[in-house]
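# Chains, contacts and geometry: an overview
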Number of protein chains: 2
Amino acid sequence: MTDDKPKRRGRPRKDEPDPQTLDRLIRSGLEALTSRGYSSAGLESILRQAGVPKGSFYHYFPSKEAFGRALLDAYQLYFSARLMRCFDDTLLPPLARLQQWTELAIKGMAKHDYERGCLVGNLATETAMLPADFVAEVEAVWLDWQQRLAALLEEARAKGEIPADSDCEELAEFFWTGWEGAVLRARLQKDSAPMRRFLAHFFRYCSALKTKEETGGNHV
Amino acid sequence: MTDDKPKRRGRPRKDEPDPQTLDRLIRSGLEALTSRGYSSAGLESILRQAGVPKGSFYHYFPSKEAFGRALLDAYQLYFSARLMRCFDDTLLPPLARLQQWTELAIKGMAKHDYERGCLVGNLATETAMLPADFVAEVEAVWLDWQQRLAALLEEARAKGEIPADSDCEELAEFFWTGWEGAVLRARLQKDSAPMRRFLAHFFRYCSALKTKEETGGNHV
């Protein structure tokens, strides 16, 4: 990673990569990218906030782009772990697990006064400035969340919470589409109401489909 | 606007504000802000693309922020006019007018290979960097679209396309939430499929509610 840097002249390296510094870089970077986005987040202010000298950065990442990708990986690790803590909580019925996750997500948004959004949603507005394979990674993360939710919805289907003929993958895609839009609106309003109203409609949609199934579904 | 600029020494002003230059500035600015966002769109490249010397910019706008607000106004003029051309087309039933507008919007996205998104959605990811009253203007534009759609849905309700007890304002909010999310996903995939699938679900939701009404709606 640092092979192309000039050789040092024998003095001890004070800025050898260390896990604590890496952790501070990741935290500072995530704060910048979720609130300001990838393109307008300045590397200098991220380093200043992390207390890392500019020269040390390249011991950790060869470029801003590599750093951006590492931040997406870190975000995905954190996000998917939190998702699965809720989705795997078999003490609750499947749809209630989804509801519980949304409560956690709303708390997280409110904690930072709606200044921080979803890294994946932010990056989706920046595709024109990102290399195609970085965009593909963002899409892969979105798809991963969709698949995790589809699996939960399959449980909901098996337990009769949604109709037996539901397309869980499509329903999961519909959820994340609306959720990302609701996060945008919540940031504009600095309020969780758009997220809560989206959820109410999503759950009502699930119920409406169910009602339709129970009555034969041939009315439309 | 330019009162604080140094007085010129008698030579003719070649850069008096003129409508053509203003138009080029607005077009170039809209391209930059819909594809790259407000914070990372550089004023210099916008001016270069518009063929406007940097010194002339301040004859038109006192600051980048004022320019950004003027771009939001221009976008809203364009967007709401296109919306109403569809929504006021009384030859079609109300929901078909909405469908027709979405076809136009999808064509617009595809024309620029999904590199340009929605200015309002983009700005919603940048709230942490915008003054509160600019954010309030973005929210006002989103609310305006919601109200225009709510009026169309009221027509749909009056014509029996959606149930008599539908909350048209909430349904309109639900539509725009999902639409903005679908625009993000379409940009990641460079494909209209996420927008089309969102629409299919939205119209199915309207139908499901209708089926529910016809069958009494007491099943859930």
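Here, the structure is the one placed above.
Rules and cut-offs
- Residues numbered from 1 in each chain as written.
- Chains lettered and ligands numbered in written order.
- Predicted model: local features only at pLDDT ≥ 70, side-chain atom pairs only at ≥ 80, totals over all residues.
- Heavy atoms only, no water.
- Helix = DSSP H or I, 4+ residues; strand = E, 2+ residues; numbered from the N terminus.
- Buried < 20%, exposed > 50% of the residue type's maximum accessible area, 1.4 Å probe, protein only.
- Contact = heavy atoms within 4.5 Å.
- Areas by Shrake-Rupley, 256 points an atom, 1.4 Å probe, with all protein chains shown as cover.
- Axes fitted to C-alpha atoms, helices over the stretch in contact; angles between N-to-C directions.
- Parallel < 35°, antiparallel > 145°, perpendicular 65-115°, else oblique.
- Left-handed = near helix turned anticlockwise from the far one by under 90°.
- Least-squares fit on C-alpha atoms with pLDDT ≥ 70 in both.
- Expected span 1.5 Å × (residues − 1).
- Polar contact = N/O pair within 3.5 Å; in protein donor to acceptor, adjacent residues only side chain to side chain.
- Buried area = accessible area lost by both parts, 1.4 Å probe.
- Phe/Tyr/Trp six-rings, centres within 6.5 Å; stacked < 30°, edge-to-face > 60°.
- Lys NZ or Arg CZ within 6 Å of the ring centre and 35° of its normal.
- Patch = residues over 30% accessible without salt bridge, like charges linked within 9 Å, V, L, I, M, F, W, Y side chains within 5 Å.
- Salt bridge = Lys/Arg side-chain N within 4 Å of Asp/Glu carboxyl O.
- Lys, Arg positive; Asp, Glu negative; His and termini not counted.
- Charge placed at Lys NZ, Arg CZ, Asp CG, Glu CD.

## Remarks on the overall build of chain A
- Scanning chain A from terminus to terminus reveals nine helices and zero strands.
- Counting helices and strands in the order they occur from the N terminus, chain A gives α-α-α-α-α-α-α-α-α.
- For chain A, the residues scored as buried account for 50% of the 220 residues in total.
- Summarising the internal contacts of chain A: among those between residues at least 6 apart in sequence, 70% fall at separations of at least 24.
- When the accessible surface of chain A is summed, it comes to about 10200 Å², and 52% of that surface belongs to carbon and sulfur atoms.

## Points about the packing of helix H4 (residues 64-87) of chain A against helix H5 (residues 94-111) of chain A
Residue and element names in this part refer to chain A.
- For the pair H4 and H5, interaxial distance at closest approach is 8 Å and the crossing angle is 140°. By the criterion of interaxial angle, the relationship of H4 to H5 is oblique. As for how H4 packs across H5, the hand of that crossing is right-handed. Touching Phe79, Arg82, Leu83, Cys86 and Phe87 of H4 are Arg97, Leu98, Gln100, Trp101, Leu104 and Ala105, all from H5.

## Some points on the relation of the copies chain B and chain A
- The two copies are related by a screw operation: chain B maps onto chain A through 180° of rotation and 0.0 Å of translation along the axis, at an RMSD of 0.0 Å. The superposition of one copy onto the other is thereby described by a two-fold rotation axis.
- In this assembly, 100% of the residues forming the interface of chain B have copies in chain A that are likewise at the interface, indicating an isologous arrangement.

## Some points on helix H1 (residues 19-36) of chain B
Residue and element names in this part refer to chain B.
- With 18 residues, H1 extends 25 Å between its outermost C-alpha atoms, agreeing within 8% with the 26 Å of an ideal straight helix rising 1.5 Å per residue.
- Every buried residue of H1 is accounted for by Thr21, Leu25, Ile26, Ser28, Gly29, Leu30, Ala32, Leu33, Thr34 and Ser35.
- In the core, the buried residues of H1 are packed alongside helix H2 (43-50), helix H3 (54-60), helix H4 (64-87), helix H6 (119-124) and helix H8 (168-189).
- At the N-terminal end of H1, a side-chain oxygen is found 3.1 Å from the backbone nitrogen of glutamine 20, two or three residues along, and the residue is aspartate 18.
- One or two steps after H1, the chain reaches glycine 37, where phi turns positive at roughly 90°.

## Focus on unusual backbone geometry
Residues and elements named next belong to chain B.
- Positive phi is not limited to glycine here, since aspartate 113 has a value of about 55°.
- Looking at where aspartate 113 falls in the secondary structure, it is placed in the loop between helix H5 (94-111) and H6.
- Unlike most non-glycine residues, tyrosine 114 shows phi in positive territory, near 60°.
- Summarising the element assignment, tyrosine 114 is placed in the loop between H5 and H6.

## Examining the packing of H5(B) against H8(B)
Residue and element names in this part refer to chain B.
- Axis separation between H5 and H8 bottoms out at 12 Å; the angle between their running directions is 25°. In this view, H5 runs roughly parallel relative to H8, as classed from their interaxial angle. The way H5 lies across H8 gives a crossing that is right-handed. On H8, the residues touching Leu98, Trp101, Thr102, Ala105, Ile106 and Met109 of H5 are Phe175, Trp176, Trp179, Val183, Ala186 and Arg187.

## A few points about the interface of chain B and chain A
- Listed per partner, the contact involves 49 residues of chain B and 49 residues of chain A.
- A combined buried area of about 4700 Å² lies between chain B and chain A, and 62% of that area is made up of carbon and sulfur atoms.
- Area buried by chain B at its contact with chain A is led by B:Arg185, B:Leu188 and B:His201, which between them contribute 16% of it.
- Here chain B is connected to chain A by 14 residue pairs in polar contact (both at pLDDT 80 or more).
- Looking at the side of chain B that touches chain A, the element that brings in the most residues is H8(B), giving 14 residues.

## Quick look at the packing of aromatic side chains
- Within the structure shown, the criterion is met by 46 aromatic pairs over all chains.
- On the basis of an interplanar angle of 85° and a centroid distance of 5.1 Å, the ring pair of A:Phe175 and A:Trp176 is categorised as edge-to-face.
- Given the relative accessible area of 0%, A:Trp176 is considered buried.
- With centroids separated by 5.4 Å and ring planes inclined at 50°, the aromatic side chains of B:Trp145 and B:Trp176 adopt a geometry described as tilted. Residue B:Trp145 is located in helix H7 (residues 132-158), and its partner B:Trp176 is located in helix H8; the two are separated by 31 residues in the primary sequence.
- Here the guanidinium or amino end of A:Lys64 rests over the ring plane of A:Tyr38, the centre of that ring lying 4.8 Å away.

## Notes on the side chain of A:Arg185
- Tracing the sequence through the fold places A:Arg185 in helix H8 (residues 168-189).
- For A:Arg185, a relative accessible area of 1% gives the class buried.
- In this structure, A:Arg185 is in contact with A:Pro194, B:Glu139, B:Trp142, B:Leu143, B:Gln146 and B:Glu173, ignoring residues within four places of it in sequence.

## Looking at a negative patch on the surface
Residues and elements named next belong to chain A.
- Taken together, the side chains of Glu154, Asp167, Glu169 and Glu170 make up a negatively charged region of the molecular surface.
- Looking at where glutamate 154 falls in the secondary structure, it is placed in helix H7 (residues 132-158).
- Overall, the relative accessible area of 41% leaves glutamate 154 in the partly exposed class.

## Points about the pattern of salt bridges
- Counted according to the given criterion, the structure contains 28 salt bridges over all chains.
- Ionic pairing is found between A:Arg97 and A:Glu155, a salt bridge with its closest N-O pair at 3.2 Å. You can see A:Arg97 sitting in helix H5 and its partner A:Glu155 sitting in helix H7, a full 58 residues away along the chain.
- Residue A:Glu155 is classed as partly exposed on the basis of its relative accessible area, which comes to 30%.
- Among the salt bridges present, the one from B:Asp133 reaches B:Arg69, with a minimum N-O distance of 2.7 Å. In this pair, B:Asp133 is assigned in helix H7 and B:Arg69 in helix H4, connecting sequence segments 64 residues apart.
- For B:Arg69, a relative accessible area of 16% puts it in the buried group.

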